[in-house]
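Now for the letters of each chain:
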Amino acid sequence: MTTPGGTHSDQTNGRHERAPEGRTGRRGVLIGGAALGVVAVGGAGWAVVNGLGGDGSSASDGGGGLFGGGDPSEEPTKAPRILDTLPDQGAHVPDLATIDLSALSEPVAVAFPRVPGARGISEALDVAVNKVLREHVWAGEAAGELTATGQVIAAGADVLGAALQVTEGTARGASVLYYRADGDRAFTSPGLIATEQWPAFEKAVASGAGDVEGLDASSVASQLQEQPRPWGNGPSLLFDADGALHVVFPAASVSGTRTEAEVVLDTAQVPALLSEDGKAVAAAVAAPAGFDPSRVTVPGDGSTNGDKVYVDPPEVGPAAKARDSDGAGPVSQLAPLSGAGVRPSPVPAPDATRLNALSLTFDDGPSPELNQKLRDTLNEHRVAATFYMIGQSVHAYPEWCTRTATNGFEIGEHSWSHKQLSALSGQKLIDEVTKPSDAIAQAAGRAPFVMRPPYGARNDRVDDAVGALGQSSQIWDVDTLDWKTKNVQKNIDAMRSGAARGVIALMHEIHPTSVQAVPQILDDLAAGGFTILTASEIGQAQMWAGKHYMHGLVTHEIAPSAPASDGGGSTGQG
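Reference entry: report on the structure contained in this document. (Residues numbered from 1 in each chain as written. Predicted model: local features only at pLDDT ≥ 70, side-chain atom pairs only at ≥ 80, totals over all residues. Heavy atoms only, no water.)

**A look at the overall build of the protein**
- Each helix and strand counted, the protein has 14 helices and 21 strands in total.
- In the protein, which comprises 574 residues, the share counted as buried stands at 60%.
- Long-range pairs, those at least 24 residues apart, make up 72% of the contacts in the protein with a sequence separation of at least 6.
- Carbon and sulfur atoms make up 50% of the accessible area of the protein, which totals about 20,100 Å². (Helix = DSSP H or I, 4+ residues; strand = E, 2+ residues; numbered from the N terminus. Buried < 20%, exposed > 50% of the residue type's maximum accessible area, 1.4 Å probe, protein only. Contact = heavy atoms within 4.5 Å. Areas by Shrake-Rupley, 256 points an atom, 1.4 Å probe, with all protein chains shown as cover.)

So this is what it looks like as structure tokens:
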């Protein structure tokens, strides 16, 4: 797929050169007369250190954006990166679409694939893009200009892989996602390795990394316990067509420099490490084939109650505070380290099994009077949020929807005119949910994956109608009643009493007292050790189209069966 703002990889100059079989030691790689890095060949495979400070620039420390880590005045060194050599497999995906945010009224140079019929990977890409955009906004001018280009890197009948290559200033990096049609399931690089084989994988990587002069073994060991970009500094894992596994660390420490480093495990040792998903992805890379959307299945046997369809994670850790950034990569939503020998979560979202996480949501916007103030507050505190917008308001004030989207906040629809959807049927219901989705797509550059029915009023007809648009519905399990009290302190008190792990909290964008309460609410949540996720993130990639949810995957207790409030229309209730 060729996307606006993207570049074609140079398959020759970007190739990896393997050392002669049986040879050990270190050697410089010369391509086109330029020294590109150091290759180490040992018992565990071979390794490449790219010399790209913090993912693309020569530098000694982190900072400067999600993919930053260096002085943008330094010229990056051309390096033989695996991501520069992978062929685009988009031709194997029927009706593949490209989301191009450079076409917005306030453009950003971001383009990425959306796969009809494979909602799981399309939503995961959307979540990743939102995270990249937020982190870029928070980094400020130091990050330089942002460009992000996505492509399909693996395709099989029931398998997909996608990479989002990101440049900030001179810094380069990537986010990599994989997908299985069975269960409509997206996952990140750790999912390629079998859980029980993670200790052996760590040992193999450490052996290869140990042969690289200057590569800090402790930084490699630590980053193997992190989620990959954009949710941490963990490595991205990519197969080449020969079956070798490239382990790409985005911010390793090499001779005191934070730099991208690549360890490659040879073909012979890889199969024993792989999960069933990893074996399927490796096969798709080795022999690409057409993706078949008819093979996509969704859990739940037709049930629309998403809370009952959630698949519990195998293990849930204590509700912990997010880690502080170590100076390179993302600065927010950083899950605690998994621990030595323990595979990090493969979920394409911040790991809610380790974080004390909840979701903060705002209904009834966009408000031309309050949207900017609310976003400024969220950005100052470096937190995520979901905005459920009314179609008529998006149509009237599209620029505020656009700005919310390009700030990386999640946008969902909230009907066209705030009607009670459960009282509608036929074309009236279809129009009430389709028109706002179209308006958001026009203003934000892509249609939403999430929605909230006004008043929380839904039934099977509503679930089916929004499901046909590829949307899941989030209700709430904490209603601050801000629409009713319109009192700053009562809003603050409501969140203090309601904040708990896995909560989806309801507030509104349109009331001044609601927006005025947000700074103190965010301070309280931070003091309580909470990490704020979007609605999609709190669902941990398990909020499927046509299903409704009251809470996130990982909760403090059994969720209530109905929302706490029955809401109320133009006054901003629900």
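**Notes on the side chain of Thr402**
- Relative to the assigned elements, Thr402 resides in helix α8 (residues 398–406).
- Within the local environment of Thr402, its side chain forms a polar contact with the backbone oxygen of Ala443, the two atoms lying 2.6 Å apart.
- With near-sequence residues (within four places) excluded, Thr402 lies in contact with Leu104, Ser105, Glu106 and Ala443. (Polar contact = N/O pair within 3.5 Å; in protein donor to acceptor, adjacent residues only side chain to side chain.)

**Remarks on the packing of aromatic side chains**
- Evaluated as defined, the whole model comprises 6 aromatic pairs.
- Residues Phe362 and Phe387 carry aromatic rings whose centres are separated by 5.7 Å and whose planes lie at 35° to one another, so their mutual orientation is tilted. Of this pair, Phe362 sits in strand β13 (residues 357–365) while Phe387 is found in strand β14 (residues 386–389), placing the two residues 25 residues apart along the sequence. Residue Phe362 shares its accessibility class with Phe387, and that shared class is buried.
- Feature note: the residues Phe362, Phe387 and Phe409 constitute an aromatic cluster, connected by ring pairs.
- Across from the ring centre of Trp400, 4.6 Å away, lies the NZ or CZ of Arg403, which sits over that ring. (Phe/Tyr/Trp six-rings, centres within 6.5 Å; stacked < 30°, edge-to-face > 60°. Lys NZ or Arg CZ within 6 Å of the ring centre and 35° of its normal.)

**Focus: the packing of helix α6 (residues 371–381) against helix α13 (residues 512–527)**
- Their axes nearest at 9 Å, the elements α6 and α13 cross at an angle of 10°. Relative to α13, the element α6 lies roughly parallel. Between α6 and α13, the residues in contact are Lys373, Leu374, Thr377, Leu378 and His381 and Val515, Gln516, Val518, Pro519, Leu522 and Asp523, respectively.
- For the contact of α6 with α13, the residue count by class is 6 nonpolar, 3 polar and 2 charged. (Axes fitted to C-alpha atoms, helices over the stretch in contact; angles between N-to-C directions. Parallel < 35°, antiparallel > 145°, perpendicular 65-115°, else oblique. Nonpolar A, V, L, I, M, F, W, Y, C, P; charged D, E, K, R; others polar.)

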